Amino acid sequence: MILGDLLGTPVLDADGGRLGRVADVRFVLDGAPHQLMAEPRLLGLVVGPHSAASFMGYERNGLTRPYMIARILRWRHRGSFLVLWEDVAMVGARSVRLRPGFSRYSTALEDGAEA
């Protein structure tokens, strides 16, 4: 599977109801923090009910400038949610189907800056 082919794909619930489109994917790094060769692992998919466009980094909690861009992008991505990879039942050529009882998680990312 090529990631670019997955972006923009319709996401359906177990009953075939449309939830939105794949807007992004989330990876986590397994292994020691700040390790150069840490293994990336797919955590899940970000589903956007209104837009499959990029968050442009504005999903980070502390990012609010420039104000107008931040405000427009937050409005555009309202209702977006993260669904864990374990909750994906099937990835097809024309859609992604989620398993019954999937959970929605916040798309917000912590800043990660260390003091």
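Our structure is the block above this text.
Residues numbered from 1 in each chain as written. Predicted model: local features only at pLDDT ≥ 70, side-chain atom pairs only at ≥ 80, totals over all residues. Heavy atoms only, no water.

Participant: Would you take a moment to explain the overall build of the protein for this structure?
Facilitator: A tally of regular secondary structure across the protein gives two helices and six strands. Start at the N end of the protein and walk to the C end: the helices and strands fall as α-β-β-β-α-β-β-β. Within the span of the protein, comprising 115 residues, buried residues form 30% of the whole. Across the protein, contacts joining residues at least 24 apart in sequence account for 52% of those joining residues at least 6 apart. As presented, the protein carries roughly 7600 Å² of accessible surface, and 57% of it is formed by carbon and sulfur atoms. (Helix = DSSP H or I, 4+ residues; strand = E, 2+ residues; numbered from the N terminus. Buried < 20%, exposed > 50% of the residue type's maximum accessible area, 1.4 Å probe, protein only. Contact = heavy atoms within 4.5 Å. Areas by Shrake-Rupley, 256 points an atom, 1.4 Å probe, with all protein chains shown as cover.)

Participant: For this particular structure, what's the right way to read the packing of aromatic side chains?
Facilitator: The description of two aromatic rings rests on the distance between their centres and on the angle between their planes. Considering all chains together, one arrives at one aromatic pair under this definition. Summarising the aromatic geometry, the rings of Phe-81 and Phe-102 are spaced 6.3 Å apart at their centres and angled 25 degrees between planes, so their arrangement reads as stacked. Here the residue Phe-81 occupies a position in strand S4 (residues 81–84), and Phe-102 occupies one in the segment after strand S6 (96–98), the gap between them amounting to 21 residues. A single burial state applies to Phe-81 and to Phe-102, both of which are buried. Above the plane of the ring of Phe-81 lies Arg-104, whose end atom (NZ or CZ) is 4.3 Å from the centre. (Phe/Tyr/Trp six-rings, centres within 6.5 Å; stacked < 30°, edge-to-face > 60°. Lys NZ or Arg CZ within 6 Å of the ring centre and 35° of its normal.)

Participant: Explain the nonpolar core here, please?
Facilitator: Generally speaking, a soluble globular protein has its nonpolar side chains buried in company with each other. Ranked by internal contacts, the top residues of the largest apolar core, which has 13 residues, are Val-11, Leu-19, Leu-45, Val-83, Val-96 and Leu-98. Element by element, the count of residues in this core is highest for strand S2 (residues 18–30), at three residues. In contact with Leu-45, other than residues within four places in its own chain, are Leu-6, Val-22, Asp-24, Val-25, Phe-81, Leu-82, Val-83, Trp-85, Val-88 and Val-96. (Core = buried A, V, L, I, M, F, W, Y, C linked by side-chain atoms within 4.5 Å.)

Participant: I keep staring at the pairing of strand S3 (residues 39–48) and nothing clicks. Help me out?
Facilitator: Regular strands have side chains that alternate between both faces of the sheet. Strand direction decides the pairing type here: S2 and S3, joined by nine bridges, are antiparallel. Bridge assignment links Asp-24 to a residue of S3, and that residue is Val-46. Pairing between S3 and S4: four bridges, direction antiparallel. Within S4, the position partnered with Leu-45 by the bridge is Val-83. (Pairing = 2+ DSSP bridges.)

Participant: What is the right way to look at the pairing of S2 in this model?
Facilitator: Two strands pair when backbone bridges link them, and strand S1 (residues 10–12) and S2 are joined in this way by three bridges, in the antiparallel orientation. Directly across from Val-11, in S2, lies its bridge partner Gly-20. The antiparallel hairpin formed by S1 and S2 contains five residues in its connecting segment, where Gly-16 sits at a positive phi of about 90 degrees.

Participant: Honestly, the side chain of Ser-95 in this entry has me stumped. Any pointers?
Facilitator: Relative to the assigned elements, Ser-95 resides in the loop between strand S5 (88–91) and S6. Filtering out sequence-adjacent residues up to four positions away, Ser-95 remains in contact with Thr-9, Pro-10, Leu-12 and Met-90.

Any functional reading would require information beyond the geometric quantities listed.
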